[in-house]
Amino acid sequence: MFEYHRSVIHGIGHVYRTMIACALLGEKLHKSRDGFLAFCGAYIHDLARLNDDMDSSHGMRAATYCFPKYMNLWKKYELTNEESSIICSAVSQHSTCEWMRPLDRGYDVMAMLKDADALDRCRFGDTELDTNLLRFSQSRELIATARLYCHHTLNLNEEITFQAFIESCNKIKY
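Residues numbered from 1 in each chain as written. Predicted model: local features only at pLDDT ≥ 70, side-chain atom pairs only at ≥ 80, totals over all residues. Heavy atoms only, no water.

## Notes on the nonpolar core
In plain terms, the rule: By convention a nonpolar core is built from buried Ala, Val, Leu, Ile, Met, Phe, Trp, Tyr and Cys residues, the set being connected through side-chain atoms within 4.5 Å. Each residue's exposure class comes from its accessible area (1.4 Å probe, protein chains only) as a fraction of the maximum for that residue type: buried when under 20%, exposed when over 50%, partly exposed otherwise. Helix and strand definitions here come from DSSP, where helices need a minimum of 4 consecutive H or I residues and strands a minimum of 2 consecutive E residues; each element is numbered from the N-terminal end. Contacts are assigned to residue pairs that have any heavy atoms within 4.5 Å of one another.
With 51 residues, the main nonpolar core has I44, W74 and L119 as its most contacted residues. Among the secondary structure elements, those contributing two or more residues to this core are α1 (12-28), α2 (32-44), α3 (58-66), α5 (81-93), α6 (107-119), α8 (143-153) and α9 (162-170). The element contributing the most residues to this core is α6, with 9 residues. Setting aside residues up to four positions removed in sequence, L119 forms contacts with A21, L129, L134, S139, L142, I143 and A146.

This is the structure in structure tokens:
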């Protein structure tokens, strides 16, 4: 899955932390299915990166080329066509301006993915997250948790299963 490059910035650790933040946001917002859809989007959101430089089109490439690669996974989780479309829209918008508005179906999935991705900006240092850009107040409530997960897992950037990553996170002392 992460054959494109092993990166502290956009590699497996970042992807897994973004997935976790999506799930946590879904629970905090009482929108677990939308959180799950954002979680699915987080799985592929940076897979079409060519490098760690600024690249506003990597989200669109991930939705176009990476989403179809995991059709067996999406079928396993019984995603509807509408849900698949929502995930692709969220992934496309995570690296560029958002065209969805709060009342649009799928907005919450896109907003959760963007906020979860932003919460992992702590990997650049504590001053990199502009909390005014977060879409949900519940995202602000997760900042300390995101920092703790990031600090504990920043060095986990080799191939590691999600389950092993979670087990590592479960060892964190709060």
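## Observations regarding the packing of aromatic side chains
In plain terms, the rule: Stacked, edge-to-face and tilted are the three classes for Phe, Tyr and Trp ring pairs, Trp counted by its six-membered ring, which pair at centre distances within 6.5 Å; planes under 30 degrees apart are stacked, over 60 edge-to-face, the rest tilted.
Within the structure shown, the criterion is met by 6 aromatic pairs. When the centroid spacing of 4.9 Å and the interplanar angle of 15° are considered together, the rings of F67 and W74 count as stacked. Look at F67 and you get buried, because its relative accessible area is 4%. Ring centres of Y70 and W74 lie 6.4 Å apart, and the angle between their planes is 65°; on these two criteria the pair is classed as edge-to-face. For the pair formed by Y70 and W74, the shared burial category is buried. Here the aromatic residues Y43, F67, Y70 and W74 are joined through ring pairs into a cluster of three or more.

## A look at unusual backbone geometry
One can expect most non-glycine residues to show negative phi and most peptide bonds to be in trans. A positive phi angle, near 60°, is found at H30, a position not held by glycine. Residue placement: H30 occurs in the loop between α1 and α2. By relative accessible area, H30 is classed as exposed at 74%. Here E78, not a glycine, exhibits a phi torsion of approximately 55°, which is positive. With respect to the secondary-structure elements, E78 resides in the loop between α4 (71-76) and α5.

## Description of the side chain of K114
To keep it simple, the criterion reads: For the purposes of these results, a polar contact is taken to be a pair of N or O atoms within 3.5 Å, where, inside protein, one atom must be able to donate a hydrogen and its partner to accept one; residues adjacent in sequence count only when each atom of the pair is a side-chain atom.
In this structure, K114 sits in helix α6. For K114, a relative accessible area of 12% translates into the label buried. Side-chain polar atoms of K114 contact the backbone oxygen of Q93, separated by 2.8 Å. The residues touching K114, leaving out its near neighbours within four places in the chain, are Q93, H94, T96, C97, E98 and R135.

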